[in-house]
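Residue-level structural notes
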Amino acid sequence: MRIGQGEHGVIANPTMRTTNITVTNSVLEDGGHIYQMGCGILLQESAMNVLSHNLIHDFYYTGISIGWTWGYAPTSAHHNYVGFNEIYNIGRAVLSDMGCVYSLGIQPGTVVENNVCHHVWSYDYGGWGYYTDEGSSDITIRNNIVYNTKCAGIHQHYGENNMFINNIIAFPHQVGCVPGKSCVTVAIRSSQHPPGSGGGGPFSSFTFERNIVTLTCTCTQSVRNSCL
């Protein structure tokens, strides 16, 4: 399902802006047979939408994708609500770099809450749970559950002023139990483009509070200490 326009930034003509769409109590399942990169719900440049109480499963890519502007440029995506959805069995070891809920760009007023995300398995890297990608900012992600992901349950790839509150992150598979690498930094990951790489992410900030992180970590004692 696709909502909104695929152009980047602010849509100049107000009459062409898509707003106030509700998708609720729906089942979206077993997609991607023709276009493997298809999402359960793709919400691009659009505002004030509600995506709630849906069951989304068995896709080769992301469950719900919100926003369509890379970096910190102005955008028409704001005040979207993603809540009370169950999203599972995505990636299916076919594509990489996805999440149950994936965001892109500045999105003030957007809330992602009370969702359950589980069984995310990418082909290679990036089997994330809740994924605030390039420039995702001003988003609140709270009261969610994520478990059994190939990679981190939460991953921010540069963004500002995001809030991760009261979430449960459990049993990521790549817990990084190797010398010099903390298990926690792989359960919860923050990254940005290195200087000079051409990326637009020199800054990254978020608030992480009142969350529970549960890991299965069989390490040497020296590495286990970094998991606590």
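Since the structure is predicted, the reported quantities are computational estimates derived from the model, not experimental observations.

Quick notes on the rules
- Residues numbered from 1 in each chain as written.
- Predicted model: local features only at pLDDT ≥ 70, side-chain atom pairs only at ≥ 80, totals over all residues.
- Heavy atoms only, no water.
- Helix = DSSP H or I, 4+ residues; strand = E, 2+ residues; numbered from the N terminus.
- Buried < 20%, exposed > 50% of the residue type's maximum accessible area, 1.4 Å probe, protein only.
- Contact = heavy atoms within 4.5 Å.
- Areas by Shrake-Rupley, 256 points an atom, 1.4 Å probe, with all protein chains shown as cover.
- Core = buried A, V, L, I, M, F, W, Y, C linked by side-chain atoms within 4.5 Å.
- Salt bridge = Lys/Arg side-chain N within 4 Å of Asp/Glu carboxyl O.
- Phe/Tyr/Trp six-rings, centres within 6.5 Å; stacked < 30°, edge-to-face > 60°.
- Disulfide = S-S within 2.5 Å.
- Pairing = 2+ DSSP bridges.
- Axes fitted to C-alpha atoms, helices over the stretch in contact; angles between N-to-C directions.
- Patch = residues over 30% accessible without salt bridge, like charges linked within 9 Å, V, L, I, M, F, W, Y side chains within 5 Å.

Thoughts on the overall build of the protein chain
When you go through the protein chain residue by residue, the secondary structure sums to two helices and 23 strands. Each of the 228 residues in the protein chain was classed as buried or not, and the buried ones make up 50%. Excluding contacts between residues fewer than 6 apart, the proportion of contacts in the protein chain whose partners are at least 24 apart in sequence is 76%. For the protein chain, the accessible area works out to roughly 10200 Å², and carbon and sulfur atoms hold 57% of it.

Describing the nonpolar core
Soluble globular proteins tend to pack their nonpolar side chains together in the buried interior. In this structure, Ile41, Leu51, Ile64, Val112 and Tyr130 are the most contacted members of the largest nonpolar core, which totals 29 residues. Listing elements by their share of this core, those giving two or more residues are strand 5 (41–43), strand 8 (55–59), strand 9 (64–66), strand 11 (86–90), strand 14 (116–120) and strand 16 (137–142). Among the elements that take part in this core, strand 5 stands out by supplying three residues, more than any other.

Side note on the pattern of salt bridges
Counted according to the given criterion, the structure contains four salt bridges. In this structure, arginine 92 and aspartate 30 form a salt bridge, with 3.7 Å as the shortest nitrogen-oxygen distance. One end of the pair, arginine 92, is in the loop between strand 11 and strand 12 (101–103); the other, aspartate 30, is in the loop between strand 4 (27–29) and strand 5, and 62 residues separate them in sequence. Of the residues examined, aspartate 30 reaches a relative accessible area of 43% and is grouped as partly exposed. The residue aspartate 58 makes a salt bridge to arginine 92 at a minimum N-O spacing of 3.8 Å. You can see aspartate 58 sitting in strand 8 and its partner arginine 92 sitting in the loop between strand 11 and strand 12, a full 34 residues away along the chain. Residues joined in a network through salt bridges with shared partners are Asp30, Asp58 and Arg92.

Examining the packing of aromatic side chains
A complete count under the given rule lists five aromatic pairs for this structure. Here the aromatic rings of tryptophan 68 and tryptophan 70 are separated by 5.3 Å at their centres, their planes lie at 65 degrees, and the arrangement is edge-to-face. By way of ring pairs, the aromatic residues Tyr102, Trp128 and Tyr131 are connected into one cluster.

A short note on the state of the cysteines
Throughout the structure, instances matching the rule amount to one disulfide. Disulfide partner of cysteine 100: cysteine 117, at an S-S distance of 2.1 Å. Measuring the twist about the S-S bond at about 75 degrees, one finds the cysteine 100-cysteine 117 disulfide to be right-handed. Of this pair, cysteine 100 sits in the loop between strand 11 and strand 12 while cysteine 117 sits in strand 14, and the two are 17 residues apart along the sequence. Its relative accessible area of 0% is what places cysteine 100 among the buried residues. The exposure class of cysteine 117 is buried, given its relative accessible area of 0%.

Quick look at the sheet that holds strand 19 (residues 162–165)
Read across the open sheet, the seven strands follow the order 3-7-10-13-16-19-22; overall the sheet is parallel. Sheet topology places strand 3 (22–24) and strand 22 (206–209) at the edges, where each strand pairs with a single neighbour. Going from strand to strand, the sheet's axes swing by 10 degrees on average, the running direction of each strand aside. Bridging between strand 13 (residues 106–113) and strand 16 involves five bridges; their strand directions are parallel. Across the sheet, glutamate 113 pairs through a bridge with arginine 142, a residue of strand 16.

Notes on a nonpolar patch on the surface
On the surface, a cluster of nonpolar side chains totalling about 420 Å² of accessible area is made up of Ile34, Tyr35 and Met37. Structurally, the position occupied by isoleucine 34 is in the loop between strand 4 and strand 5.

Re the environment of proline 108
Summarising the element assignment, proline 108 is placed in strand 13. Expressed as a C-alpha distance, the spacing of proline 108 and alanine 47, which sit 61 residues apart in the sequence, is 9.9 Å. Once residues lying within four places of it in the same chain are set aside, the contact partners of proline 108 are Ala77, His78, His79, Ser137 and Asp138.

Here's the deal with the pairing of strand 17 (residues 145–149)
Examined bridge by bridge, strand 14 and strand 17 share four bridges and lie parallel to one another. Residue pairing for strand 17: valine 120 is matched across the bridge by threonine 149. Relative to strand 20 (residues 168–170), strand 17 runs parallel, the two sharing three bridges. Bridged to tyrosine 147 within strand 20 is alanine 170.

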